[in-house]
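# Structural description and commentary
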Amino acid sequence: SLYEGPEIVNQVKTHKAADDRQYWAGLRQAPLTNQELSIYQNIDSLQEMPSFRRFMDVAALLLSGYKQAGPIEIGPVNTFYSYNPIEGLRLRIGGRTTEQFSTRFFSEGYAAYGFEDQKWKYFISGTYSLNNKSVYKFPQHYIRASYQHDTKIPGQNLEFIQEDNVLLSFKRGENKSYLYNDIYKLEYKAEFQNNFSINAGLTKWKQNPAGIIKYQIIPEIGDPTLIHALNTTEASIGFRWAPKEQFYQGKLYRTPIYNKYPILTFNYTAGIKGFLDGEYNYHNFTAGIFKRTYLSQFGYADFNVDGTYIAGSNIPYPLLTLHRANQTYAYQLQSYNLMNFMEFISDHHASVNVQYYMNGFVLNKLPLIKKLQLREVFSFKGVYGGLRDSNNPSYNRDLFAWQRNSDDEISSFTFGNKPYMEASVGLANIFKVLRVDYVKRLNYNDHPGVSDWGIRARIKVDF
């Protein structure tokens, strides 16, 4: 087809709108009244008002974090500014293409600069849809290639938010464990109508320690050897099955609407030595199950059980499981909110995470308080695992030594004869959106620099 100019396009739109009105008028059993017709005219006029369009732009920016600019979106806005002790003040600008640019090809990228380390960081990705749909629409079927040069905190795995979110700049305790990463990725994903999905990938990862992290080998006799870079090449495949799953699709993430069916996941990752500079062989098997259980008038509970086994020997600790820690003041559902970064490391583990929402069963029975519509929430998290002697720096001096803090105390550990555990009690639906928890760490309180309790908050919309 040929582009005929804006006047012809506007005429086509006008004729199409007129045809639509005639079509719907023919289907109605009774014609619209003058008052009902005026509603359509008012809505059309409202959408053309500059003040209303500015308001919608601001609302979309606040809710989605992106600003539309023709065929691209600029954002997320909450990552434009952040701070950490390694980079200092960090400024970032980024964006991505939309369906106005292409329905098959999508690109995303950002550039960031740290004023303390005076280094640029950047990310670029290109995604090609294999089913002529947006890569954010179900069912997804695409291939993606990406490259990232940026910092990362080992053991901080976030969901639904970016690591340089300005709200995560505030952290408790010592926060100087960072990596500079160069990550090349090639990914494939396919979703099916029965909510079964497959993902596969090839990753080349080079990590350079920063801050207080030191990759060093300390022999029984002789001087320590510093390792300036760790190179790995990984091939992975994963499966996910979520029967009858529904979700809200956002700009970047999906928010699931849980039902009575479990969600099953399995992932296998192989480290390949000698391929694309990979230095280690290993096999990582991870499986998990999530289940929501409804308890009638007593609310509902979310149960999440998972486990990992890493096969291989002489594997340095950065390639093992660094359990999800959280030193921010935000309550994170999938992290241990009073565990320090890099505090627990294992090559096999099992964990349980229970979130119990009582839905006001007690508070709704209290005079005056029930008008606030507060909701009780409780949680328990526990993880237990171990480290085989061949992967334990305490027994194998050929491995990287345990991580130490600024006071030269060992700050990374494996599990003893008991699991790590923490529990919380809180209130949700505060002002309809806020959840606040009192979190208590139940053991391993003798580790350096830990907090045995804390107050954490989370934005959560209850319906």
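Structure: above.
One structure accompanies this document, and this report is about it. Predicted, not measured: the structure shown is a model, and the values here were computed from it.

You can see Arg 172 is positioned in the loop between strand 7 (141-152) and strand 8 (177-191). Here Arg 172 sits buried without a salt bridge, and the closest side chain of opposite charge, Glu 343, lies 6.4 Å off (N-O distance). Polar side-chain contacts of Arg 172 include one of 3.1 Å to the backbone oxygen of Asn 326. Once residues lying within four places of it in the same chain are set aside, the contact partners of Arg 172 are Asn 326, Gln 327, Tyr 329, Asn 337, Leu 338, Met 339, Asn 340, Ser 451 and Arg 456.

This next bit is on the environment of Gln 249. Of note, Gln 249 is situated in strand 13 (residues 246-249). On the basis of relative accessibility, which here comes to 33%, the residue Gln 249 falls in the partly exposed class. Taking the C-alpha atoms as reference points, Gln 249 and Phe 138, separated by 111 residues in sequence, lie 9.0 Å from one another.

What follows covers empty space enclosed by the protein. Summed over all chains, the structure comprises 3 cavities of 30 Å³ or more. Empty space within the largest cavity amounts to approximately 50 Å³. Classifying every residue of the lining of the largest cavity by side-chain character gives 2 nonpolar, 2 polar and 4 charged.

A separate point is the packing of aromatic side chains. Throughout the structure, instances matching the rule amount to 23 aromatic pairs. Measuring from ring centre to ring centre gives 6.2 Å for Phe 138 and Phe 247, while their planes differ by 65 degrees; the resulting arrangement is edge-to-face. One end of the pair, Phe 138, is in the loop between strand 6 (119-129) and strand 7; the other, Phe 247, is in strand 13, and 109 residues separate them in sequence. With 6.1 Å between their ring centres and 25 degrees between their planes, Phe 196 and Phe 239 make a pair best called stacked. Of this pair, Phe 196 sits in strand 9 (residues 196-211) while Phe 239 sits in strand 12 (residues 230-241), and the two are 43 residues apart along the sequence. Three or more aromatic residues link up through ring pairs in this structure, and these residues are Tyr 336, Phe 344, Tyr 384, Phe 415, Tyr 420 and Tyr 444. The ring of Tyr 66 has Arg 96 lying over it, and the distance from NZ or CZ to the ring centre is 5.2 Å.

Turning our attention to the nonpolar core. Core analysis: the biggest nonpolar cluster contains 18 residues, and Ile 213, Tyr 215, Ile 315, Tyr 317, Leu 320 and Ile 345 have the highest contact counts within it. Look past the residues within four positions of Tyr 215 in its chain and what remains in contact with it is Leu 179, Gln 207, Pro 209, Thr 225, Leu 226, Ile 227, Leu 230, Tyr 317, Pro 318 and Phe 400. Among the nonpolar cores identified, the runner-up in size contains 17 residues, and Ile 86, Tyr 331, Phe 344 and Tyr 444 belong to it.

For Asp 437, the position within the fold is in strand 23 (residues 434-441). On the basis of relative accessible area, Asp 437 is assigned to the buried category, the value being 0%. Among the polar contacts made by the side chain of Asp 437, one reaches the side chain of Ser 424 at a distance of 3.1 Å. Excluding anything up to four places from it in sequence, Asp 437 contacts Tyr 331, Val 377, Ser 424, Val 425, Gly 426, Gly 454, Ile 455 and Arg 456.

Before going further, it helps to spend a moment on the pairing of strand 8. Summarising the sheet, strand 7 and strand 8 pair through 12 bridges and their orientation is antiparallel. Directly across from Ile 143, in strand 8, lies its bridge partner Tyr 188. Here strand 8 pairs with strand 9 via 15 bridges, running antiparallel. Paired with Tyr 180 across the bridge in strand 9 is Asn 208. In this antiparallel pair of consecutive strands, strand 8 and strand 9, the connection spans 4 residues, and Asn 195 shows a positive phi of 65 degrees.

The residue Pro 318 is located in the loop between strand 17 (300-311) and strand 18 (321-322) in this model. A sequence separation of 164 residues divides Pro 318 from Pro 154, and the C-alpha atoms of the two residues are 8.0 Å apart. Once residues lying within four places of it in the same chain are set aside, the contact partners of Pro 318 are Gln 207, Tyr 215, Leu 230 and Phe 400.

On the surface, a cluster of negative charge is contributed by Glu 174, Asp 407, Asp 408 and Glu 409. Looking at the element boundaries, Asp 408 is found in the loop between strand 21 (375-386) and strand 22 (420-430). Asp 408 sits in the exposed class, given a relative accessible area of 53%.

This brings us to a nonpolar patch on the surface. On the surface, Phe 101, Phe 105, Tyr 128, Leu 130, Ile 143 and Tyr 188 cluster together to form a nonpolar patch covering roughly 520 Å² of accessible area. Considering the arrangement of structural elements, one finds Tyr 188 in strand 8. A residue is classified by how much of its surface remains accessible, and Tyr 188, at 32% relative accessible area, is partly exposed.

Turning to the pairing of strand 3 (residues 81-84), a few remarks are in order. Residues Ser 82 and Asn 84 of strand 3 are buried on one face, while the alternating residues Tyr 81 and Tyr 83, pointing to the opposite face, are not. Pairing of strand 3 with strand 4 (residues 88-97) involves 4 bridges; the strand directions are antiparallel. Paired with Tyr 81 across the strands is Leu 91, a residue of strand 4. Linking strand 3 to strand 4, which pair antiparallel, is a turn of 3 residues.

The rules behind these values
- Residues numbered from 1 in each chain as written.
- Predicted model: local features only at pLDDT ≥ 70, side-chain atom pairs only at ≥ 80, totals over all residues.
- Heavy atoms only, no water.
- Helix = DSSP H or I, 4+ residues; strand = E, 2+ residues; numbered from the N terminus.
- Buried < 20%, exposed > 50% of the residue type's maximum accessible area, 1.4 Å probe, protein only.
- Lys, Arg positive; Asp, Glu negative; His and termini not counted.
- Salt bridge = Lys/Arg side-chain N within 4 Å of Asp/Glu carboxyl O.
- Polar contact = N/O pair within 3.5 Å; in protein donor to acceptor, adjacent residues only side chain to side chain.
- Contact = heavy atoms within 4.5 Å.
- 1 Å grid on protein atoms, 1.4 Å probe; cavity = no way out; pocket = protein on both sides within 12 Å on 5 of 7 lines; lining within 4 Å.
- Points joined across faces, edges and corners; volume = space filled by probe spheres on them.
- Nonpolar A, V, L, I, M, F, W, Y, C, P; charged D, E, K, R; others polar.
- Phe/Tyr/Trp six-rings, centres within 6.5 Å; stacked < 30°, edge-to-face > 60°.
- Lys NZ or Arg CZ within 6 Å of the ring centre and 35° of its normal.
- Core = buried A, V, L, I, M, F, W, Y, C linked by side-chain atoms within 4.5 Å.
- Pairing = 2+ DSSP bridges.
- Patch = residues over 30% accessible without salt bridge, like charges linked within 9 Å, V, L, I, M, F, W, Y side chains within 5 Å.
- Areas by Shrake-Rupley, 256 points an atom, 1.4 Å probe, with all protein chains shown as cover.
- Charge placed at Lys NZ, Arg CZ, Asp CG, Glu CD.

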